[in-house]
Amino acid sequence: MPEDRRPTKFNRNPMLWLAVAFGVGIIVESVLTVDLVAATAAATVLIAVAVVLRSHASATWLVLAAAVCAGLVSGETEKQSVSPNRVKILYDSGQIPSGDSVEVEGVLQGRPEASVDGVLLTIATERIRHRGIDHAASGNVRLFLKTSNSPADLKYGSRILVTTKLERDDGYLNPGVMPRREILDRLRIDATGAIKSPLLVEKLADESVFLPLAWVYDRRAAMIDSLRSNLSPSAAGVMIASLLGNREFLDKETADLFRDGGTFHILVISGLHITFFGAFLVAVLRMVTRRHWALFGVTNIVLWLYTLAVGADVPVVRAALMFTVMSFAYIIRRQGGLLNSLGISVLILLSWRPSDVFNPSFQLTFVSVAAIVAIAFPLLERLKRIGRWTPTPDEPFPPAAPRWLVGLAETIYWNEKAWEIDSKRQIWKAKISKSPLLPAIATSGIQFFTRPVFEGIFVSLVVMICMLPLSIVYFHRVAVGSIILNLWVGFFIALESFAAVTAVMIASLVNEAFAQGFFALAEVFNWLMLVLPKLIPLDGWASFRLPAYTGKGRLVYVLFIPVIVFFAIAINSWRPFEVRRRRSAAACRLVTAGAAALGVLILVSVLCPFAARQPDGRLHIDFLDVGQGDSALITFPDGRTMLVDGGGNRRYGEDPENPDFTPDFQGIGETVVSPFLWDRGLSRIDILLATHGDADHVQGLIDVAKNFKIGTVILGRQAIPTAEFEEFAAVLDRRGVPIEYVAAGDVFEFSDVTAEILNPTMHQSSSRSTNDSSVVVRLTFGDRSILLTGDIESAAERELAGIEADIVKVAHHGSRTSSTQEFVDRSGAKIAVIPVGRTSQHGHPHPEVVERWKAAGAEVITTGSRGTVTVSTDGNDVKLIRFQD
């Protein structure tokens, strides 16, 4: 076949470049004030001029400029289209305070969704009643109803009236922590809430619905029940998540294996599942008909019903749309290529929801698909041609490629027997010298197995590299093991899915007893799927966490874009069999240069040499907002760090029918404390100090100990073990972190800062409470001192000496059991920081405690209302910064 000499430029993949320009317009609109009329007029004029000059080269740039203007129009239109009666507007504008009791009237979107200990209701809101005033409303709200049985009379389309407390606030107010409102907006959910009792749900009527879709929802619910009844919690959770889009039944151990291995995306219905499902439908339908339009129509109708059945979440809709576009291109026999199909899909998706250009899910989907079709596939195609090369009139010379690359290609693709057969057909004789890197593979029959494995690993590697900046920014994770685990897990989850679906079908159509063999087979595949992730050390080289650059440092990740684009263009321009060898060699050098530049960016991103902040000679303490809990980061003048407690929350969602089942959830340590530390550029914490074993202090440290390198852990000599404390200790033991026990009288020096341990005493009474066993530490730097009190109560407060301080972390979240008048007077603090949530189930901080500190002359600050409170001193001055004024 002659070399493809078509240039790589706009007219090769026009839809892709138009989509990119459209996206640029949306991004520009987000930072500039755009006049909708002017932008629309500009787009119209540019298109008109481009039509007039269509034979001129400038027409291309005019069309791209028009696409940018169209992006501006689309982004501005989306902003202006938000109705003033949207639930999120009612709450964000303060018309209805978050957390107030309201009555919500609306229509159920889908059936009540089962969860471990209740059901989830998604309601298209029509009216909200607050304090006797009715507000017309729109937008979706999601409510959790804790109940052992789903209300029998609620179904898809039911109009209901619910009494609840809707929440729409930013959750935890800390740098680096994603605001809760942003998370809700990405999910297209305006607010969430809990319903205390089924008695607070009143069914008003049943609205008319699309009956085939109602049938699909009913079958989905029946399938969830069947999987839960016949599979183990681990296997059932995996199948319900990967097949039906419901992750409520995932157990924590299994979910963590997927997260740590970088394969959690397999549990999320996405392009992988949609492509697999669509290809399976096509294969089945081909047995009945070969008519392309029939295949296209039936496959996509079933595919979109499946998309609706699993909730029609945006990522699923996105994947289904891409499949539809690409299958349509195949049906009409367009040879424009996958990149053009990708471009069309992106244009449709961004026209529908322009703000998705900022959505991590959209970005990950686009980058992964583009990496496969623009880099992985072209490189594999060239490797095949290099490995299989034999002299022909069109390719008379060996490929112009590095020797190691030729050897690799020949190892995977060279077929000696095929060459012998082909050479006998020729009228000429020739001898070819091949030098595969692994001759044993090239000359044996195992190439049949090694080729798909190599190609799968290669594609997985390319995708991982291209998604590296997004993985670091959004997940702070590099999962090297995912290169192999993606293939292993993907293969066995496909087999498990086939066995489980077959079992459910037999159980529903014939008899459940006949299906037990396939259910057992699904269990076997689930066990095999989890074997390799359990064997690979997922807290070491195979998967590790790291900080992301912030501020101007984000330029490192932006640079990935031009470098990857350059690399892709260089690969597609490289013709290894080009007769003009200089041209081929020059293209090969461009590929090498692109790979080298990419390698430099990868090293700078992974090693993070510039992420951590430089020491400034000041003592800094950041009191984090972790809700009802404590966590404070101390940064000493020389840059060393100490984390005092990690906040936490007690486990929830236990299955009453299976008390050993721990549902998947991410706690404070993973979602709040770790992101804050990564935002500070940290990958190592020199000292962890756990004041005592209560969950709201130590549970978050479990995730911190997993996510960061830890130098030393400090514990009180009288530490009273709890379940969370034991789990924390197990993580420390597994990672080999040394532990040092302290008691009153111990003193540590950190540069010019002195840390005095004031509590617990060496021979403390065993009758003391867990709170009174808290480690209390007093930091002194120059003329300034800071007192950290844990959760000590009045008994321990009376026994403390030397508590004079400029800043006090108020004990026990401002409870009346602490902060006695004597203690407050003796401390003489000018700043009193109370770590507590905006709302507390215990009523913290108690009003009399706040007034006591204020009366003593202290400025009282709560983390729940101000977010992270940062105090710093050079030994003389004191600077106070609140995250939210």
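Residues numbered from 1 in each chain as written. Predicted model: local features only at pLDDT ≥ 70, side-chain atom pairs only at ≥ 80, totals over all residues. Heavy atoms only, no water.

This next bit is on the packing of aromatic side chains. What the rule picks out here adds up to 12 aromatic pairs. Arranged with centres 5.7 Å apart and planes meeting at 55°, the rings of Phe296 and Phe328 form a pair that is tilted. Here Phe296, found in helix 10 (residues 292-309), pairs with Phe328, found in helix 11 (residues 314-331); they are 32 residues apart in sequence, far enough to count as distant. On the basis of relative accessible area, Phe296 is assigned to the buried category, the value being 17%. The exposure class assigned to Phe328 is partly exposed, which follows from its relative accessible area of 35%. Measuring from centroid to centroid gives 5.3 Å for Trp678 and Phe708, while their planes differ by 25°, and the two rings are stacked. Taken together, the positions of Trp678 in helix 24 (residues 668-679) and Phe708 in the loop between helix 25 (695-707) and strand 15 (709-716) put the pair 30 residues apart, joining distant regions of the chain. Put simply, the rings of Trp293, Phe296 and Phe328 pair up and form one aromatic cluster. We note Arg259 situated over the ring of Phe264; from NZ or CZ to the ring centre the distance is 4.6 Å. Positioned over the ring face of Trp352 is Arg353, at 5.3 Å from the centre of the ring. (Phe/Tyr/Trp six-rings, centres within 6.5 Å; stacked < 30°, edge-to-face > 60°. Helix = DSSP H or I, 4+ residues; strand = E, 2+ residues; numbered from the N terminus. Buried < 20%, exposed > 50% of the residue type's maximum accessible area, 1.4 Å probe, protein only. Lys NZ or Arg CZ within 6 Å of the ring centre and 35° of its normal.)

A few words on the sheet that holds strand 16 (residues 739-742). Strand order in this open sheet of eight strands is 16-15-14-13-12-11-24-25, and the pairing throughout is mixed. If you trace the sheet from one side to the other, it starts and ends with strand 16 and strand 25 (879-882), each paired once. Neighbour-to-neighbour, the strand axes of this sheet turn through a mean angle of 20°, independent of strand direction. In this structure, strand 24 (residues 869-873) lies alongside strand 25, joined through four bridges in antiparallel fashion. Paired with Thr870 across the strands is Ile881, a residue of strand 25. Contacts from helix 26 (residues 723-735) reach strand 14 (684-690), strand 15 and strand 16, with the element oriented near 140° to strand 15. (Pairing = 2+ DSSP bridges. Axes fitted to C-alpha atoms, helices over the stretch in contact; angles between N-to-C directions. Contact = heavy atoms within 4.5 Å.)

This part takes up the sheet that holds strand 20 (residues 784-788). Sheet architecture is open: seven strands sit in the order 17-18-19-20-21-22-23, paired in mixed fashion. A single partner strand is all that each edge strand has here, and the edge strands are strand 17 (747-750) and strand 23 (859-862). Along the sheet, successive strands turn relative to each other by an average axial angle of 20°, direction set aside. Along the sheet, helix 29 (residues 847-855) contacts strand 21 (807-809), strand 22 (831-834) and strand 23; its crossing angle with strand 23, the most-contacted strand, is approximately 145°.

Below, the discussion takes up a nonpolar patch on the surface. Judged by side-chain polarity, Trp17, Val20, Val24, Leu555, Val558, Leu559, Ile561, Val565 and Ile569 come together as a nonpolar surface patch covering roughly 720 Å² of accessible area. Among the secondary structure elements, those contributing two or more residues to the nonpolar patch are helix 1 (14-31), helix 21 (555-558) and helix 22 (560-573). As for its placement among the helices and strands, Leu555 is situated in helix 21. (Patch = residues over 30% accessible without salt bridge, like charges linked within 9 Å, V, L, I, M, F, W, Y side chains within 5 Å. Areas by Shrake-Rupley, 256 points an atom, 1.4 Å probe, with all protein chains shown as cover. Salt bridge = Lys/Arg side-chain N within 4 Å of Asp/Glu carboxyl O.)

This part takes up helix 8 (residues 252-260). Among the nine residues that make up helix 8, seven are buried, leaving the element largely enclosed by the rest of the structure. Within the sequence span of helix 8, burial applies to Lys252, Thr254, Ala255, Asp256, Leu257, Phe258 and Arg259. Those residues of helix 8 that are buried lie in contact with helix 7 (233-244), strand 9 (477-478), helix 19 (482-509) and helix 20 (516-535). Downstream of helix 8 by one or two residues, Gly262 has phi in the positive range, about 75°.

Right, let's get into the nonpolar core. Of all hydrophobic cores here, the largest spans 70 residues; its most connected members are Leu342 and Ile375. Per element, the largest residue contribution to this core is 13 residues, and it comes from helix 13 (residues 360-387). Sequence-distant contacts of Leu342, that is, excluding residues within four places in its chain, are made with Leu16, Met322, Met326, Phe366, Val369 and Ala370. Within the second largest apolar cluster, 36 residues are counted, among which are Ala235, Ile240, Phe492 and Ala522. (Core = buried A, V, L, I, M, F, W, Y, C linked by side-chain atoms within 4.5 Å.)

In terms of strand pairing, strand 22 meets strand 23 through four bridges, oriented parallel. By the bridge assignment for strand 23, Val833 is matched with Ile861. The handedness of the strand 22 to strand 23 crossover, carried by helix 29, is right-handed. (Right-handed = clockwise from strand over helix to strand, strands pointing away.)

Attention now moves to helix 13. For helix 13, spanning 28 residues, the distance from its first C-alpha to its last is 38 Å, which sits close to the expected 40 Å at 1.5 Å a residue. Along helix 13, the sharpest kink reaches roughly 35°, centred on Ile372. One side-chain oxygen at the N-terminal end of helix 13 lies 2.8 Å from the backbone nitrogen of Ser361; it belongs to Asn359. (Expected span 1.5 Å × (residues − 1). Bend = angle between axes of the 7 residues up to and from the residue. Polar contact = N/O pair within 3.5 Å; in protein donor to acceptor, adjacent residues only side chain to side chain.)

Right, let's get into the pattern of salt bridges. In a structure, side chains of opposite charge can pair up when their charged atoms sit close to one another. Inspection of every chain in the model, using the stated rule, returns 46 salt bridges. Residue Asp134 pairs with Arg129 through a salt bridge whose shortest N-O separation is 2.9 Å. The exposure class of Arg129 is partly exposed, given its relative accessible area of 33%. Between Arg778 and Glu756 there is a salt bridge; the shortest N-O distance is 3.2 Å. With Arg778 in strand 19 (residues 776-781) and Glu756 in strand 18 (residues 753-759), this residue pair connects regions lying 22 residues apart in the sequence. The exposure class of Arg778 is buried, given its relative accessible area of 15%.

Let us look at unusual backbone geometry. Pro760 follows Asn759 through a cis peptide bond whose omega is 5°. Examined against the element boundaries, Pro760 turns out to sit in the loop between strand 18 and strand 19. With an omega of -10°, the peptide bond running from His844 to Pro845 counts as cis. At Arg188, a position not held by glycine, the phi torsion is positive, near 60°. Along the chain, Arg188 turns up in the loop between helix 5 (180-187) and strand 7 (191-195). By relative accessible area, which is 31% here, Arg188 ends up partly exposed.

Another aspect to go through is the side chain of Asn340. Locating Asn340 in the fold gives a position in helix 12 (residues 338-352). Here Met15 takes part through its backbone nitrogen, which lies 3.1 Å from a polar atom of the side chain of Asn340. Not counting the four nearest positions on each side in its chain, Asn340 is found in contact with Arg12, Asn13, Pro14, Met15 and Leu16.

Contact geometry for helix 11 and helix 12: axes closest at 9 Å, N-to-C directions at 140°. In terms of orientation, helix 11 lies oblique with respect to helix 12. Between helix 11 and helix 12 lies a crossing of right-handed hand. Residues Val314, Val317, Arg318, Leu321, Met322, Val325, Met326 and Ala329 of helix 11 lie in contact with helix 12, whose contacting residues are Leu338, Ser341, Leu342, Ile344, Ser345, Ile348, Leu349 and Trp352. (Parallel < 35°, antiparallel > 145°, perpendicular 65-115°, else oblique. Left-handed = near helix turned anticlockwise from the far one by under 90°.)

A word on the pairing of strand 19. Counted residue by residue, strand 19 has six buried out of six residues, so it is predominantly covered. Both faces of strand 19 are covered, namely the face carrying Val776, Arg778 and Thr780 and the face carrying Val777, Leu779 and Phe781. Here strand 18 runs beside strand 19; their pairing, made up of six bridges, is antiparallel. In the strand pairing of strand 19, Thr754 is matched with Thr780. Bridge count between strand 19 and strand 20: five bridges; the pairing is antiparallel. What sits directly across from Thr780, in strand 20, is Ser785.

Here we come to the confidence of the model for the protein. Per-residue confidence for the protein gives a mean pLDDT of 88, with 93% of residues at or over 70. Per-residue pLDDT stays below 50 along residues 1-9; that stretch engages in 17 contacts with residues further than four places along the chain or on separate chains. (pLDDT = per-residue confidence, 0-100.)

Within the secondary structure, Gln95 sits in the loop between helix 4 (87-92) and strand 1 (101-108). On the basis of relative accessible area, Gln95 is assigned to the partly exposed category, the value being 42%. Between the C-alpha atom of Gln95 and that of Ala235, which follows or precedes it by 140 residues, the distance is 46 Å. Setting aside residues no more than four positions away along its own chain, Gln95 makes contact with Ile89, Leu90, His130 and His135. Within the structure, Gln95 has its side chain in polar contact with the side chain of Ser93 (distance 3.1 Å).

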